[in-house]
Amino acid sequence: MTVLDEIIAGVVEDLEIRRAALPLDVLKGRVASAPAALDPVPGLQAPGLSVIAEVKRSSPSKGALATIDDPAALATEYAAGGAAAISVLTERRRFNGSLADLVAVREAVRTPLLRKDFVVTEYQLWEGRAAGADLALLIVAALTQQQLVDFLGVGRDLGVTCLVEVHTAEEARRARDAGAQVVGVNNRDLKTLEVDLSHFQELAELLGEDVVKVAESGILTVDDAARMRAAGADAVLVGEMLVRSGDPRAAVAALRALP
């Protein structure tokens, strides 16, 4: 069993508890009465390097990264620094996140929000939208092609933009075939947790000019971000660098300053 398999097994266990407590029809009612989702694409395509800044306490590869008692305050700093979107980890077991973090951040900022989790059911897309998410993460390695197509369709119906994550050339092809418009290349192999920034450089050219390209993982310095930009990234998704920076607003602004 890979690391990704182990994470998803835990996600499914936790999901069943939430689904029993909050049926899908209740979620649909909440979504129906919620404000429309924000469109993150213009911000991700803005001149220069756009930033998806992550509220991230822990990771499977490095354990605890930062104590974040007030995710809303951190998100406010990210927004002030110029983040195009804010990613909120909601997976509990490996990332120490929660939907409560997403709700708190939604109340604090009007920046588009990504619910960062391991989506394997339609329910989670509704759940994220009800909590205020404007984007959802779809990891190609965790889904069949039919699931990927179906979830992209649910996202469109909800007004939720899907960030489709790939790690290999085959996954990049699957994302294109499914009609993904925003694609993230994860430099971390979720099956081994190894990081190689050359993954983005190798896969970006396979995605086409009409796709918003996001570089994910392993971006620990401004120089790393500049390397991703030079390779064709429209945006970078950054967590560890920002939560450990001591000044998240300035750290985001430094990334945004890249041409």
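Up top you'll find the structure we're talking about.
Let us look at the structure shown here. Predicted model only: the values in this text are computed from it and were never measured.

### Side note on the sheet that holds strand 7 (residues 161-166)
- Around the barrel, 8 strands lie side by side as 1-4-5-6-7-8-9-10; this closed barrel has parallel pairing. Averaged over neighbouring strand pairs, the angle between their axes works out to 25 degrees when direction is ignored.
- As paired strands, strand 7 and strand 8 (residues 182-186) are joined by 4 bridges and run parallel to one another. Counted as the bridge partner of Val166 is Val185 from strand 8.

### Comments concerning the packing of aromatic side chains
- Under the criterion given, the structure shown has 1 aromatic pair.
- Here Arg19 stacks its cationic end above the ring of Tyr123, 5.5 Å away from the centre of that ring.

### Describing the environment of Asp39
- Of note, Asp39 is situated in the loop between helix 2 (24-32) and helix 3 (41-44).
- Classification of Asp39 by relative accessible area gives exposed; the value is 52%.
- In the structure, Asp39 is positioned 53 residues away from Arg92 in sequence and 27 Å away in space, judged by C-alpha atoms.
- Those residues in contact with Asp39 that sit more than four places away from it in its chain are Pro112 and Thr161.
- Of the polar contacts made by the side chain of Asp39, one reaches the backbone nitrogen of Val41; its length is 3.0 Å.

### A closer look at the pairing of strand 9 (residues 212-216)
- Taking burial as the measure, the 5 residues of strand 9 include 5 buried ones, the bulk of the element.
- With burial as the criterion, each face of strand 9 is covered, one bearing Val212, Val214 and Glu216 and the other bearing Lys213 and Ala215.
- Looking at chain direction, strand 8 and strand 9 are connected through 5 bridges and run parallel. Residue pairing in the sheet places Val182 in a bridge with Val212 of strand 9.
- You can see the chain leave strand 8, run along helix 9 (residues 198-203) and come back into strand 9, and the turn it takes is right-handed.
- Of the pairings in the sheet, the one linking strand 9 to strand 10 (residues 235-238) comprises 3 bridges and is parallel in character. Bridge assignment links Glu216 to a residue of strand 10, and that residue is Leu237.

About the criteria used
- Residues numbered from 1 in each chain as written.
- Predicted model: local features only at pLDDT ≥ 70, side-chain atom pairs only at ≥ 80, totals over all residues.
- Heavy atoms only, no water.
- Pairing = 2+ DSSP bridges.
- Helix = DSSP H or I, 4+ residues; strand = E, 2+ residues; numbered from the N terminus.
- Axes fitted to C-alpha atoms, helices over the stretch in contact; angles between N-to-C directions.
- Phe/Tyr/Trp six-rings, centres within 6.5 Å; stacked < 30°, edge-to-face > 60°.
- Lys NZ or Arg CZ within 6 Å of the ring centre and 35° of its normal.
- Buried < 20%, exposed > 50% of the residue type's maximum accessible area, 1.4 Å probe, protein only.
- Contact = heavy atoms within 4.5 Å.
- Polar contact = N/O pair within 3.5 Å; in protein donor to acceptor, adjacent residues only side chain to side chain.
- Right-handed = clockwise from strand over helix to strand, strands pointing away.

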